[in-house]
Amino acid sequence: MCFQSNKRGDFWNVREKKFFNISGLLFADDLILIGRNYSELEKLLEITSQFGDEMKLTFNPAKSAVVTFSKCGIGTEKRLQVQGRDIPRDTQYKYLGITVSDSGHYLDAQEDIWAEKSQKVLNQLRARALWGFNRFEISKTLWKAVAVPALTYATGEAYRIRRDVLFNCLADLTYSCPHCYVTRFRTMRICIKTLENKISTAQNEAGRYALGVPGSKVATEFVTGELGWSSFKAREAQSKLRYFNRVKSMHDHRWPKAIVDMMDQCGVRTKAYRRLQELEREFKCDDITLTFTQEGKPLHGILDRAIKGRIREVET
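*Asks:* Even after reading the chapter, I still don't get the overall build of the chain, so can you show me in this structure?
*Replies:* Across its full length, the chain holds nine helices and 10 strands. Among the 316 residues that make up the chain, the fraction classed as buried is 41%. For the chain, the computed accessible surface area is about 18,100 Å², with 52% contributed by carbon and sulfur atoms.

*Asks:* Which parts of the structure should I look at to understand the packing of helix α6 (residues 232-248) against helix α8 (residues 271-282)?
*Replies:* The axes of two packed helices give the description: the angle between them and the distance between them. Close contact between α6 and α8 brings their axes to 10 Å; oriented N to C, the two are set at 115°. In this structure, the crossing between α6 and α8 has a hand that is left-handed. Note on element contacts: α8 touches α6 through A272, Y273, R275, L276, L279, E280 and E282, opposite K233, E236, A237, K240, L241, F244 and K248. Residue classes in the contact of α6 with α8 are distributed as seven nonpolar, no polar and seven charged.

*Asks:* In this structure, what is going on with the packing of α6 against helix α9 (residues 300-315)? I would like to understand it.
*Replies:* Put simply, α6 and α9 touch, their axes get as near as 10 Å, and they point 150° apart. Compared by their axis directions, α6 and α9 come out roughly antiparallel. The hand of the α6/α9 crossing is right-handed. On α9, the residues touching A234, A237, Q238, L241, R242, N245 and R246 of α6 are H300, L303, D304, I307, K308, I311 and E315. The residue makeup of the contact of α6 with α9, split by class, is six nonpolar, three polar and five charged.

*Asks:* Can you help me understand the pattern of salt bridges in this one?
*Replies:* Two side chains that carry opposite charge are able to pair once their charged atoms sit near each other. One pass over the structure, following the stated rule, counts 12 salt bridges. Between E278 and R275 there is a salt bridge, and its shortest N-O distance comes to 2.8 Å. Of this pair, E278 and R275 are both found in helix α8, three residues apart, which corresponds to roughly one turn of the helix. With a relative accessible area of 10%, R275 lands in the buried category. A single network of salt bridges, built from pairs that share partners, joins E236, K240, R275 and E278.

*Asks:* Please explain the packing of aromatic side chains as it appears in this structure.
*Replies:* The relative placement of two aromatic rings is captured by the distance of their centres and the angle of their planes. Applying the stated criterion across every chain, the model contains three aromatic pairs. Judged by centre distance (5.1 Å) and plane angle (75°), the ring pair of F244 and Y273 falls under edge-to-face. With F244 in helix α6 and Y273 in helix α8, the pair connects residues that are 29 residues apart, well separated along the chain. Y273 carries the same exposure label as F244, and that label is buried. Above the face of the F232 ring, R235 is positioned so that its terminal group lies 4.7 Å from the ring centre.

Cut-offs used in this document
- Residues numbered from 1 in each chain as written.
- Predicted model: local features only at pLDDT ≥ 70, side-chain atom pairs only at ≥ 80, totals over all residues.
- Heavy atoms only, no water.
- Helix = DSSP H or I, 4+ residues; strand = E, 2+ residues; numbered from the N terminus.
- Buried < 20%, exposed > 50% of the residue type's maximum accessible area, 1.4 Å probe, protein only.
- Areas by Shrake-Rupley, 256 points an atom, 1.4 Å probe, with all protein chains shown as cover.
- Axes fitted to C-alpha atoms, helices over the stretch in contact; angles between N-to-C directions.
- Left-handed = near helix turned anticlockwise from the far one by under 90°.
- Contact = heavy atoms within 4.5 Å.
- Nonpolar A, V, L, I, M, F, W, Y, C, P; charged D, E, K, R; others polar.
- Parallel < 35°, antiparallel > 145°, perpendicular 65-115°, else oblique.
- Salt bridge = Lys/Arg side-chain N within 4 Å of Asp/Glu carboxyl O.
- Phe/Tyr/Trp six-rings, centres within 6.5 Å; stacked < 30°, edge-to-face > 60°.
- Lys NZ or Arg CZ within 6 Å of the ring centre and 35° of its normal.

The structure is reproduced here in C-alpha cells:
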C-alpha cells in the first residue's frame, strides 16, 4: 500500500510533481513500510536492510509481519526479506498498541481487545478486598484512573495527531488501486456503534457499582451526573474536533494536511470526517473555529477550552 496525495501548485506546469508518496512511517524504533505491490515493498526492504547494515542495526523478522490489505494489483507473490531473513506473513499486526487486521473491517481484532479491557476493569472493581474501604471513592477513582486512560487511548488516540504526528498510535491507511480506479481512504479510530455501546454499558455498570446499586435500572444520566463522568461519545467529540483543527493549522507541506486538502478537493469524505460532522451537530460546535495570533500562530489552547466547555454545556 502507498500513501498518495495531490499537492497544490501550478496546474499548467506539467514538469511540476503534483503528488507525493509516503512509503514509510517511523515512530522511535518502530518502522512500517508501505508499498502498492510486492516490487515496491521489496525495494523498500532492500533500502532498509542496507541502512541497517551500515548503521550496525539488526532487524528482527520474528517481531515483524507482512499484512496484505488488498490483493488488487499487487503482482506475483514474493518472499520478502530483511537483512537476508524471511519476514513471516500474518493476518494482523500490533503496532503502537493498536492491532490492525486484513479483514473487511480492519479494527475487528482491536475492538474485541477494547471490549475485553472494559470487562477486565469491571471484574477488578468487583474483586473482594482484604480490608475495609470506601467503595464509592475507590470505584470512582479506579475506573477513572485505570479504565478511562486505556479505553481513551484506544478510542481517542488512534486517529488524532499528537504533537503533529498522525502515526502516534496508528496511521491512516490510504492507498490507491490503479487497476480498479478506486481510491480508498482508511482512517483509524472509527468508534462504531456496537463498540461504543459496549464501552458505555461497562462505564454505567461501574458507576452503578460505585453508587451501591449494581444491577438496578438507574438512568444513565443519573449515574454520570452523580459521578461527574463524561460519556465516551463526548470524549470522542473532543478528540476528533481537536484533531481536524490541528491538521488544518499545519503547513501545506505536512502530509496529514495534504491528505485532508486532497479530500476536500476531491469531495471525498472518510468515515472519520462524516463522524466529525455528526458530532459537531450533536454537540453544537459548528461555530467554534481555530483562531490565530497576529504572527499566524494557532491558539490551540483557546480552541480546546472552547470545545470542552461547549460539549460539557450540551451534556448537562
